[in-house]
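# Secondary and tertiary structure notes
Chain by chain, the residues:
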Amino acid sequence: MDILFIVIGLVLLVVGGNWLLKSSVGLSLRLNISKIIVGLTVVSFATSAPEMIVSVKAALDGFPDIALGNVIGSNIGNIGLVLGIVLLINAIQVDKSFYITDWPTKMIASTLLFVFLVIDGGLTRIDGIIFMAVLVVFLIILIRNNKKVQVDIDVTTDENMSFLKIFGFLLIGGVALWGGSELLVKGAVNLAESVGVSKRVIAITVVSIGTSIPELASSIIAAIKKENDISIGNIIGSNIFNILSVLGITAIIKPIEKVDVRIIEQDIYWMLGFAFILLPMVILPKRNSLSLKEGILLLMAYGVFLYFTVI
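Residues numbered from 1 in each chain as written. Predicted model: local features only at pLDDT ≥ 70, side-chain atom pairs only at ≥ 80, totals over all residues. Heavy atoms only, no water.

### Points about a nonpolar patch on the surface
Selection rule: The residues that make up patches have over 30% relative accessible area and no salt bridge, and they are joined within 9 Å when like-charged or within 5 Å when they are Val, Leu, Ile, Met, Phe, Trp or Tyr. Each accessible area is a Shrake-Rupley result for a 1.4 Å probe, and residues are judged covered by the shown protein chains and nothing else. Criterion for a salt bridge: a side-chain nitrogen of Lys or Arg within 4 Å of a carboxyl oxygen of Asp or Glu. Working definition: helices are DSSP H or I runs of at least four residues, strands are E runs of at least two. Numbering for both runs from the N terminus.
The grouping of Leu-88, Ile-89, Ile-224, Leu-292, Ile-296, Leu-297 and Met-300 at the surface amounts to a nonpolar patch, some 660 Å² of accessible area in total. Elements represented by at least two residues in the nonpolar patch include exactly helix 4 (64–89) and helix 12 (292–310). Considering every element that reaches the nonpolar patch, the biggest residue donor is helix 12, with four residues. Among the structural elements, Ile-89 can be located in helix 4.

Right, dumping it as C-alpha cells:
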C-alpha cells in the first residue's frame, strides 16, 4: 500500500503540475504579460510546483528530512540522471548564458544552501527570505538580458483560453497537487518505517526521482527534437528554482529544523559536486560541448551516489 500511495501521489503531482502550468500560462497570456516574463517566471515556478508542494507539506507535517532531501536529491538527479540520459540521446552545445548566468547562479544558490545548513543546522525564515531575494535578482537579470529575444513558450495552451477554463484548471491542478503530496509524503514515511531506512534515504531516492519526472520528460523530448539549449536550460533552471523558490518559500512558511546530520555531512557535498562538475565538463576536453562520454560519467557518478546513500 505504501508503494501504491507513492505511485498515485506521483501521478497526481505530475498531472496536477501540468494543469497548473497550463492555467498559469493561459492566465498570463490573457493578461497580456510578456512571453519572456511568462517563460522565465511563470513556467519555471509552475514546473517546480511538485517539489514545492511536497517540501511544504513535509515541513508542515514535521518531516524536515523529506522537505530538504526531496530538493537536494532532485538537484543531484537532474544533473546525474536527467542530464546523463539526455546526453545518451544527443550531444549538447552550450551557449554563453551558461557561463554568464546559469552556472554561476546555480553555484551561488548551492553554496548558500551549504552555508545555511552548516551554520543553522537547517533553514530559518531569514534564510528563506535571502533565497527569495537572490531569486528576484536572478530573474531581473534574466529578463533584462533576454528582453530582445523572441520566446516560444513550450506549453500546449490556448492564448485565448476562457477565464472559467483557466480557473477550472487552476482548481483541479491545485487539488491534484495537494492530494498527491498527501499520498506521497504518507507513503514515503510509511515505506521508510516498514523497510527500516531513514526518511532521508527515501526522500533523496524515491521522492526526489519521482518529483523530477517532469524535468526528465521535457528534457528527453527536447533532446529528441535536438532543442539542446532547452534541455540544459530546463535542468539548470530547475535546480536554481528548487533551491531559491522551493526551499525559500518552504522555509518562510515553516522553518526546516532538526535535519538528519547526514544531509549536512554527506548529501550536500554530493549536490555541490554535481553542481560544480558541469563547468570542467563543458570546458574539457572539447569547449562548449557535452556528449555521450560525459553522459556515461554522470550516470556512473549518480549510481555511486545512490549506492553510498542507501548503504
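### Regarding the packing of aromatic side chains
Selection rule: Here is the rule: rings of Phe, Tyr and Trp (six-membered ring for Trp) pair when centre to centre is within 6.5 Å. Planes less than 30 degrees apart are stacked, more than 60 are edge-to-face, and the remainder are tilted. Here's how the labels work: a residue is buried when its accessible area is under 20% of the maximum for its type, exposed when over 50%, partly exposed in between, all with a 1.4 Å probe on protein chains only.
One pass over the full model with this rule turns up eight aromatic pairs. Ring geometry for Tyr-302 and Phe-305: centres 5.8 Å apart, planes at 35°, overall tilted. Of the two residues, Tyr-302 and Phe-305 both sit in helix 12, three residues apart, roughly one turn of that helix. Residue classification places Phe-305 among the buried residues on the basis of a relative accessible area of 0%. Ring geometry for Tyr-307 versus Phe-308: centroids 5.3 Å apart, planes at 80°, classification edge-to-face.

### Focus on the nonpolar core
Quick note on the threshold: Residues belong to one nonpolar core when they are buried, are Ala, Val, Leu, Ile, Met, Phe, Trp, Tyr or Cys, and are joined through side-chain atoms within 4.5 Å. Note on contacts: a residue pair is in contact if any heavy atoms of the two residues lie within 4.5 Å.
Ranked by internal contacts, the top residues of the largest apolar core, which has 75 residues, are Leu-68, Ile-72, Phe-98, Leu-113, Leu-123 and Leu-290. Setting aside anything within four residues of it in sequence, one finds Phe-98 in contact with Trp-103, Pro-104, Ile-232, Ile-236, Leu-278, Leu-279 and Val-282.

### Quick look at helix 9 (residues 213–224)
Put simply, the test is: Expected span of a helix, by definition, is 1.5 Å for each gap between consecutive residues, and there is one gap fewer than residues. By construction, the arc corresponds to the directions joining the helix axis to the C-beta atoms.
Between its terminal C-alpha atoms helix 9 stretches 16 Å, which fits the 16 Å expected from 12 residues at 1.5 Å a residue. For helix 9, the full list of buried residues reads Glu-215, Ser-219, Ala-222 and Ala-223. Viewed end-on, helix 9 has its buried residues packed into an arc of 100°, placing them on one side of the element. Positioned one or two residues after helix 9, Lys-226 has a phi angle of 65°, which is positive.

### Section: the packing of helix 3 (residues 49–60) against helix 4
The following threshold applies: Each axis is a line fitted through C-alpha atoms, and for a helix only the stretch in contact is used; angles between axes span 0 to 180 degrees, taken between their N-to-C directions. Roughly parallel means an angle under 35 degrees; roughly antiparallel means over 145; roughly perpendicular covers 65 to 115; every other angle is labelled oblique. Amino acids are sorted into nonpolar (Ala, Val, Leu, Ile, Met, Phe, Trp, Tyr, Cys and Pro), charged (Asp, Glu, Lys and Arg) and polar (every other residue, Gly among them).
Between helix 3 and helix 4, the shortest axis-to-axis distance is 7 Å and the interhelical angle comes to 155°. On the basis of the axis angle, helix 3 is roughly antiparallel to helix 4. Contacts from Glu-51, Val-54, Ser-55, Ala-58 and Ala-59 of helix 3 reach helix 4 at Ile-66, Ala-67, Asn-70, Val-71 and Ser-74. Of the residues that constitute the contact of helix 3 with helix 4, the class distribution is six nonpolar, three polar and one charged.

### Considering the pattern of salt bridges
Applying the stated criterion across every chain yields a total of three salt bridges. Asp-61 serves as the salt-bridge partner of Lys-57, at 3.0 Å between the closest nitrogen and oxygen. With a relative accessible area of 8%, Lys-57 lands in the buried category. One salt bridge connects Asp-260 with Arg-262, and the closest N-O pair in it is separated by 3.0 Å. For Asp-260, a relative accessible area of 12% puts it in the buried group.

### Section: the side chain of Ser-245
Selection rule: Contacts described as polar in this section are N or O atom pairs within 3.5 Å, which, within protein, must combine one atom able to donate a hydrogen with one able to accept it, while residues neighboring in sequence count only if both atoms come from side chains.
In this fold, Ser-245 is placed in helix 10 (residues 228–253). Within the structure, the side chain of Ser-245 is placed 2.5 Å from the backbone oxygen of Phe-241, a separation counted as a polar contact. Leave out the neighbours within four places in its chain, and Ser-245 touches Phe-45, Met-52, Met-132, Leu-135, Ile-240 and Thr-250.

Any functional reading would require information that these geometric values do not contain.
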